[in-house]
Amino acid sequence: MSAPTPPSRLFRGGRLFDGNQFLEATDLRCDAHGKITEIGIALVAQLAEEVTELHGKWLIPGLVDCHVHFREPGLVRKEGYGYGSSGALHGGVTTVCEIQNNPPLMDSLSILKEKLENLRGISRVDYAPYGSLVEESLGDLNAMKKHCPAVKCFLGCSTGAGGVADEATLRRWFGAAAKAGIKVVAHCEDNEVMDAATESLKDDPEKFFRHDLRRSREAEVVSIDSAIAVAAEVGAILHVFHISTFEGASRVMAAAGRGMAVTGSTAPHYLLATAKDTESIGQNRFKVNPAIKYQEDREGLGNLVARGMLPIVGTDHAPHPLDEKDRPYNKAPSGFPSIDLLLPLMLAAADLNACPPEAFLHAVTLGPAKEFHLDQKGRLEVGADADLVILDPNQKRVVDESTLLSRSGWSPYHGRELRGFPQQVFLRGNLVFAGGATVGEPIGQPLMA
Ligand SMILES: [Zn+2]
């Protein structure tokens, strides 16, 4: 199915965020090819152009979520691209970089290309799934390079996928990625540190069920150190995902300061919650890997995002049915849905840090688009895709999980008051979301087919 032809559109009198900064009382025009063609002051409407008066509302780029799990193929009963991409639009997201963390992993060019094609007509947002960095994919990395933004490596075991057995294996895998010139995106938690913590806590019934102690700060920092050391040794390009500790982020920045090709990102929950909050919210709802840490981590990471030193945030959206989360701690899966709320969560993170929103918006627009070379996305500039979100930053709403669009139908943020929910979302000039619901047929396209 080819994408429909959108009308030429003119948005007038908005507060435009271009990916870096706000432009006051500015107009934006996009054409029938879904591209931004003009940004300026007092643009004059053309014949047959659809005009939207913004009256000072914000017009921002469609968000780029560089870390989501939609579980298609293989576990569509938990989500799938139909539900996941609907949730994405609800959160203002128009592009996802998605990680397959259930079988079949994306461990060959053929399976990756099959996935890219199968999602046409299903996904409501544009997509660029990662490949998997596992034994099976090593011979195919050269061929996969053109078709995915990076390959994902799980250094510690997480949701049953991946896991590197030892450092020699890590060296071989990172070495193969370096040779192919493909970026490695990594989940960093050290299995030995986590196993030792589990062992030492086993006779302490209170602490044994503390996720932040089982998957500790040390587990993350040791693993990040090891990933950085091996990447430096073999010349791999490394991105550390969902950093949950200030110390971990500091290690990444220090390595980058030494000239290494290493970057990192965090996730909204590490900017908004602490281990204490996770105790008060039941059903293991905030159980996630890496575990949510402490106030100094939350503040430290928020400060780094605010200062543009950690310029990328991805949700790690990982849906599970609530009855599975409701099992006893040990048996409950890790991860929770959050893409439905990404835009208001980023504004909440800015507010919590008493900061202006620019850096927090950059971290879910231009920041990830640059990191993963999605040159048409995450920016409002002439020639870019007309992926647009309209919002009223002053409009507040209490999160009601029953109104969210991703499949699991619950949220750890249920009951929290947030501001700046997307009112309308456009994908390549097409209206795809309005009034809390999706609009039209799914027109998402693969970005690296
Ligand atoms: Zn993840």
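Small disclaimer: the values here were computed from a predicted structure and weren't measured.

Caption draft 1: Inspection of the state of the cysteines at higher detail. Tallied over the entire structure, the rule returns zero disulfides. Cysteine 97 supplies the cysteine sulfur nearest to cysteine 148, a cysteine that is in no disulfide, at a spacing of 10 Å. Looking at cysteine 148, the relative accessible area reads 1%, which means it is buried.

Caption draft 2: Structural context of the coordination of the zinc ion. At 2.1 Å from the zinc ion lie its protein donor atoms, namely His67 (NE2), His69 (NE2) and Asp316 (OD). Written as a sequence motif, the donor residues of the zinc ion are H-x1-H-x246-D. Grouping residues by exposure puts histidine 67 and histidine 69 together as buried.

Caption draft 3: A look at the domain arrangement of the chain. Splitting the chain by domain gives domain 1 (9-60 + 384-438) and domain 2 (62-371). Buried area between domain 1 and domain 2, summed over both chains or domains, comes out near 3600 Å², and the portion from carbon and sulfur atoms is 65%. Among the residues domain 1 hides against domain 2, the three largest losses belong to Arg407, Trp410 and Tyr413. Together they make up 22% of the total. Inspection of the region where domain 1 meets domain 2 yields three salt bridges. With its nearest N and O atoms 2.8 Å apart, the salt bridge here joins aspartate 351 to arginine 419. Taken together, domain 1 and domain 2 are joined by 12 residue pairs in polar contact (both at pLDDT 80 or more). Within the residue set of the side of domain 1 that touches domain 2, elements represented by two or more residues are strand E5 (58-61), strand E14 (388-391), strand E16 (417-419), strand E17 (422-427) and strand E18 (430-434). It is E17 that contributes the most residues to the side of domain 1 that touches domain 2, four residues altogether. For the side of domain 1 that touches domain 2, the per-class residue count stands at 21 nonpolar, 11 polar and eight charged.

Caption draft 4: Molecular detail of the sheet that holds strand E6 (residues 63-68). Read across the sheet, three strands follow the order E6-E7-E8 without closing on themselves; strand pairing throughout is parallel. The open sheet is flanked by E6 and strand E8 (126-127), the only strands paired with a single partner. Examined bridge by bridge, strand E7 (residues 93-98) and E8 share two bridges and lie parallel to one another. Considered in E8, the bridge of valine 96 is made with tyrosine 127. Helix H1 (residues 80-90) rests against E7 and E8 of the sheet, and its axis sits at about 130° to E7.

Caption draft 5: Local environment of helix H11 (residues 295-306). Here H11 contains 12 residues, and its C-alpha end-to-end distance of 16 Å stays within 8% of the 16 Å for a straight helix at 1.5 Å per residue. All of the buried residues in H11 are Asp297, Arg298, Gly300, Leu301, Gly302, Leu304 and Val305. Its buried side turned inward, H11 meets helix H7 (217-234), helix H8 (246-257), helix H9 (268-272), helix H13 (342-352) and helix H14 (358-362). One or two residues past the end of H11 sits glycine 308, with phi positive at roughly 75°.

About the criteria used
Residues numbered from 1 in each chain as written. Predicted model: local features only at pLDDT ≥ 70, side-chain atom pairs only at ≥ 80, totals over all residues. Heavy atoms only, no water. Disulfide = S-S within 2.5 Å. Buried < 20%, exposed > 50% of the residue type's maximum accessible area, 1.4 Å probe, protein only. Donors = N, O, S within 2.8 Å, 3.2 Å for Na, K, Ca; no water. Domains from an automatic or database assignment. Buried area = accessible area lost by both parts, 1.4 Å probe. Salt bridge = Lys/Arg side-chain N within 4 Å of Asp/Glu carboxyl O. Polar contact = N/O pair within 3.5 Å; in protein donor to acceptor, adjacent residues only side chain to side chain. Helix = DSSP H or I, 4+ residues; strand = E, 2+ residues; numbered from the N terminus. Nonpolar A, V, L, I, M, F, W, Y, C, P; charged D, E, K, R; others polar. Pairing = 2+ DSSP bridges. Contact = heavy atoms within 4.5 Å. Axes fitted to C-alpha atoms, helices over the stretch in contact; angles between N-to-C directions. Expected span 1.5 Å × (residues − 1).

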